[in-house]
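# Breakdown of the fold
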Amino acid sequence: MADVIDSGTLLRERYGVDADDESLCLDESGTIRGLLAHRSVRAFDGRPVDPAIVDTLVTAAQSASTSSNLQSWSVVVIRDEAHRSAVATLAGDQEFIREAPLFLVFVADWARGAAISRSRGEAAEGIGYFDSTLVATIDAAIAAQNAVVAAESLGLGAVFVGAVRNRPDELSALLGLPDASYPVVGVAVGWPDHANPARVKPRLPQSVVRHDERYSPASVDDLADYDDALRLFNESQGRTGSWLDAVVARVRSRSALHGRERLRSILSSRGLPSA
């Protein structure tokens, strides 16, 4: 039977404060402990990732739930240093992508389904609608999460990279992605550099994101308390910045999208009009 704990390091690190109102059930397999200990790793020690591990990560990704078993996603595995550098240039020019021995690009992929339908003399009209774009995008995201959980269970570090959507047309060309597909999210994977360890970043309290029975707006005090907790975390990492300011910066102007405001038109040009 799972152990129930009222508080402790896991909750304190995940929320940045003592979480007296929450309790945890920890399973014997360590799955929940591993999930709660997730951290974004951007510093790697340079060791390569064994091909068997790559196979394992893809198998774990394929074990994720998928809408109607359509499996409308693919993953591009990038290990070549020059290729990884070219991808990094198009994905926010982030150095940790170049330093990671493995970069995975998870792709929403209706090209396969469209080809199957057309090979039978049928149309592929259904992929042009918004729900189809959502289905493939969600499938790819769930698969990516499975891969990250698997990587972390093997002692690897990983970080999601949304910047693969900054220039999706150019990245699609670089990766040879066919029409009716686009890059959803990247994952940099490698062995963590213990000389530059990542820490668990605090999350919003449950009182903000959890709504029992009906939605209720977050309280100003809860948001302010979280902002204080994240400021302390950032200071411990040699950074400054407010979470509230970051939210405002992200939503007040399209300039914060770094080119992703073009995504709908690019998807349309790639055969995913999302009507």
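## Thoughts on the sheet that holds strand β3 (residues 73–78)
- Across the sheet, four strands lie side by side as β3-β4-β6-β5; this open sheet has antiparallel pairing. Each having just a single partner strand, β3 and β5 (157–161) make up the two edges of the open sheet. Going across the sheet, the axis of each strand differs from the next one's by a mean of 25°, ignoring polarity.
- Bridging between strand β4 (residues 102–109) and strand β6 (residues 181–190) involves eight bridges; their strand directions are antiparallel. Looking at β6, one finds that Leu-102 is bridged to Val-189.

## Looking at the pattern of salt bridges
- One pass over the full model with this rule turns up eight salt bridges.
- Ionic pairing is found between Arg-210 and Asp-212, a salt bridge with its closest N-O pair at 3.0 Å.
- Judged by relative accessible area, Arg-210 falls into the partly exposed class, the value being 49%.
- The closest approach of N and O atoms between Asp-227 and Arg-231, which form a salt bridge, is 3.3 Å. Placement of the pair is Asp-227 and Arg-231 together in helix α10 (residues 220–236), with a separation of four residues, close to one helical turn.

## Here we look at the nonpolar core
- The biggest cluster of nonpolar side chains holds 37 residues, and the ones touching the most others in it are Phe-106, Val-187 and Val-189.
- Those elements that provide at least two residues to this core are α3 (51–62), β4, α6 (111–119), α7 (130–153), β6 and α12 (263–269).
- In terms of residue count, the dominant contributor to this core is α7 (nine residues).
- Counting residues in hydrophobic clusters, the runner-up holds 21 residues, among them Ala-91, Ala-100, Val-107 and Leu-175.

## Notes on a positive patch on the surface
- A surface patch of like charges, here positive, comprises Arg-42, Lys-201, Arg-203 and Arg-239.
- Arg-203 gets classed as partly exposed once you look at its relative accessible area, which sits at 40%.

## Overview of the packing of aromatic side chains
- Counted under the stated rule, the structure contains two aromatic pairs.
- Taken together, a centroid distance of 5.3 Å and an interplanar angle of 85° make the contact between Tyr-226 and Trp-243 edge-to-face. Pair noted here: Tyr-226 is in helix α10 and Trp-243 is in helix α11 (residues 243–251), with a separation of 17 residues, a long-range link.
- Take Tyr-226: its relative accessible area is 6%, and that puts it in the buried class.
- Taking the relative accessible area as the measure of exposure, Trp-243 reaches 23% and is therefore partly exposed.

Calculation criteria
Residues numbered from 1 in each chain as written. Predicted model: local features only at pLDDT ≥ 70, side-chain atom pairs only at ≥ 80, totals over all residues. Heavy atoms only, no water. Pairing = 2+ DSSP bridges. Helix = DSSP H or I, 4+ residues; strand = E, 2+ residues; numbered from the N terminus. Axes fitted to C-alpha atoms, helices over the stretch in contact; angles between N-to-C directions. Salt bridge = Lys/Arg side-chain N within 4 Å of Asp/Glu carboxyl O. Buried < 20%, exposed > 50% of the residue type's maximum accessible area, 1.4 Å probe, protein only. Core = buried A, V, L, I, M, F, W, Y, C linked by side-chain atoms within 4.5 Å. Patch = residues over 30% accessible without salt bridge, like charges linked within 9 Å, V, L, I, M, F, W, Y side chains within 5 Å. Areas by Shrake-Rupley, 256 points an atom, 1.4 Å probe, with all protein chains shown as cover. Lys, Arg positive; Asp, Glu negative; His and termini not counted. Charge placed at Lys NZ, Arg CZ, Asp CG, Glu CD. Phe/Tyr/Trp six-rings, centres within 6.5 Å; stacked < 30°, edge-to-face > 60°.

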